[in-house]
Amino acid sequence: MQKEKLILSICIPTYNRIGILKKTIVDILQCPSSKFEIVVVDNKSPDDTCNVLKSIDDKRLRVIENDTNIGAYLNGIRAMKAASGKYVFVMLDKDRINEENLEWFINLLEQKEYSAGYCELNYESIQRVVREYSCGMEAVLAIGYHSKHPSGHFFRNTYLQEILPLYESKEDYGFLVDILCGELGVMKLPAVHVLVPLVYTEKRSECGKTQSYSVGEPFFFPTKRYEIYSQYLESILSLNIGEYARSIILGEIFWRYLLILRAARYIGNDEDILGHYNVTRQQLYENTRNRELFKCFFKLVKRLFYINSRKMYVSIGAIIGFCLCGMSAVRKKLFNCIKKGTNG
């Protein structure tokens, strides 16, 4: 297959999930297009992942095996770095792709020029919707720093490879794809949100039966949220964007932080999610008490005040205003998100 003809690289970092992954790959390969590849990077699985996948006779599938287990974070980066296509598409090994819409999606990316984008997960409507956003603040707000599920994000490969090396030597960034979306959102090209029945996550009932291999606390614990949003702040401050736009972005990110802090308790009502992350209700309660929530809240505010105040006074003022005036709005927005089944 000619490298220059590749439009899409579907990158799947994997560990010990061959039972789910094999069927997913076989289904994807039913798509007749020759303009995509599947890149699987196996993190030294004990379940014979590589041998099983190498038995699949299709040139569009590339299987790479690590010599040692390098951890989920670096394995994800390695999968993206191995991509040869014009666009790099991120997918977890427990999710699936609807091959019937894959060719349409590839044709869209072949005809259009985007810096980054996101495919709506579990989209059921037959109507295909493509929402484009101008590069800069509009794109960053639309696709960046949402703490979304990794599957469904995609990036312009040439832009992505400029940024990825910066994160190889850093600590584990739990929502790296969100940060990449934000940083690519200020590149020259527009960003896009694609609504098409293409990417599906595991069902809630299936979630409890699969083990998360994430290291450390679950993403919904307040202390973990503070860590994630500190990483977001670091990224936002590095964006090549005006200070007014930066202040708007920081204000919106702070709203999202408040919503997810409050949502942690509601996650405790879902036994499948708790089982997936191997968390007991007692552990959830101890980590989401009001004291813990407020502690993380004030840590973030303190962090903002220590960030170059000359550039950040507009942002800090906006955030304090949000805190004083918007708690009822926060609760209302939170309940709306939960009612709609919004993913954290």
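Residues numbered from 1 in each chain as written. Predicted model: local features only at pLDDT ≥ 70, side-chain atom pairs only at ≥ 80, totals over all residues. Heavy atoms only, no water.

### Brief notes about the overall build of the protein
Of regular secondary structure, the protein possesses 15 helices and nine strands. A sequence separation of at least 24 residues applies to 84% of the contacts in the protein between residues at least 6 apart. Of the accessible surface of the protein, which amounts to about 16500 Å², a share of 52% is contributed by carbon and sulfur atoms. (Helix = DSSP H or I, 4+ residues; strand = E, 2+ residues; numbered from the N terminus. Contact = heavy atoms within 4.5 Å. Areas by Shrake-Rupley, 256 points an atom, 1.4 Å probe, with all protein chains shown as cover.)

### Details of helix H7 (residues 176–184)
Judged by how many residues are buried, H7 sits mostly within the fold: nine of nine residues are covered. Looking only at H7, the buried set comprises Leu176, Val177, Asp178, Ile179, Leu180, Cys181, Gly182, Glu183 and Leu184. (Buried < 20%, exposed > 50% of the residue type's maximum accessible area, 1.4 Å probe, protein only.)

### Comments concerning unusual backbone geometry
Residues other than glycine seldom take positive phi values, yet asparagine 16 does so here, at roughly 60°. Structurally, the position occupied by asparagine 16 is in the loop between strand E1 (8–14) and helix H1 (18–28).

### Considerations on the packing of helix H6 (residues 157–168) against H7
Remark: H6 packs on H7, axes separated minimally by 11 Å, with the N-to-C direction vectors making an angle of 130°. In terms of orientation, H6 lies oblique with respect to H7. As H6 packs across H7, the resulting crossing turns out to be right-handed. Seen from H6, the contacting residues are Tyr159, Leu160, Ile163, Leu164 and Tyr167; seen from H7, they are Leu176, Ile179, Leu180, Glu183 and Leu184. (Axes fitted to C-alpha atoms, helices over the stretch in contact; angles between N-to-C directions. Parallel < 35°, antiparallel > 145°, perpendicular 65-115°, else oblique. Left-handed = near helix turned anticlockwise from the far one by under 90°.)

### Overview of the packing of aromatic side chains
Taken as a whole and judged by the stated rule, the model has eight aromatic pairs. Residues tyrosine 87 and phenylalanine 154 carry aromatic rings whose centres are separated by 6.5 Å and whose planes lie at 80° to one another, so their mutual orientation is edge-to-face. Here the residue tyrosine 87 occupies a position in strand E4 (residues 87–90), and phenylalanine 154 occupies one in strand E8 (residues 153–156), the gap between them amounting to 67 residues. On the basis of relative accessibility, which here comes to 0%, the residue phenylalanine 154 falls in the buried class. Judged by centre distance (5.2 Å) and plane angle (75°), the ring pair of tyrosine 167 and tyrosine 173 falls under edge-to-face. Take tyrosine 167 and tyrosine 173: they sit in the same class, and that class is buried. (Phe/Tyr/Trp six-rings, centres within 6.5 Å; stacked < 30°, edge-to-face > 60°.)

### Section: the pairing of strand E6 (residues 116–121)
Among the six residues that make up E6, five are buried, leaving the element largely enclosed by the rest of the structure. As judged from the three bridges shared by E6 and E8, these two strands associate in the antiparallel manner. When the sheet's bridge partners are listed, glycine 117 is paired in E8 with phenylalanine 154. Pairing between E6 and strand E9 (residues 191–200): five bridges, direction parallel. By the bridge assignment for E9, cysteine 119 is matched with valine 194. (Pairing = 2+ DSSP bridges.)

### Structural notes on the pairing of strand E3 (residues 61–65)
Here strand E2 (residues 36–42) pairs with E3 via five bridges, running parallel. Among the inter-strand pairings, valine 40 is bridged to a residue of E3, identified as valine 63. A crossover connection joins E2 to the parallel E3 through helix H2 (residues 49–54); in handedness this β-α-β unit is right-handed. (Right-handed = clockwise from strand over helix to strand, strands pointing away.)

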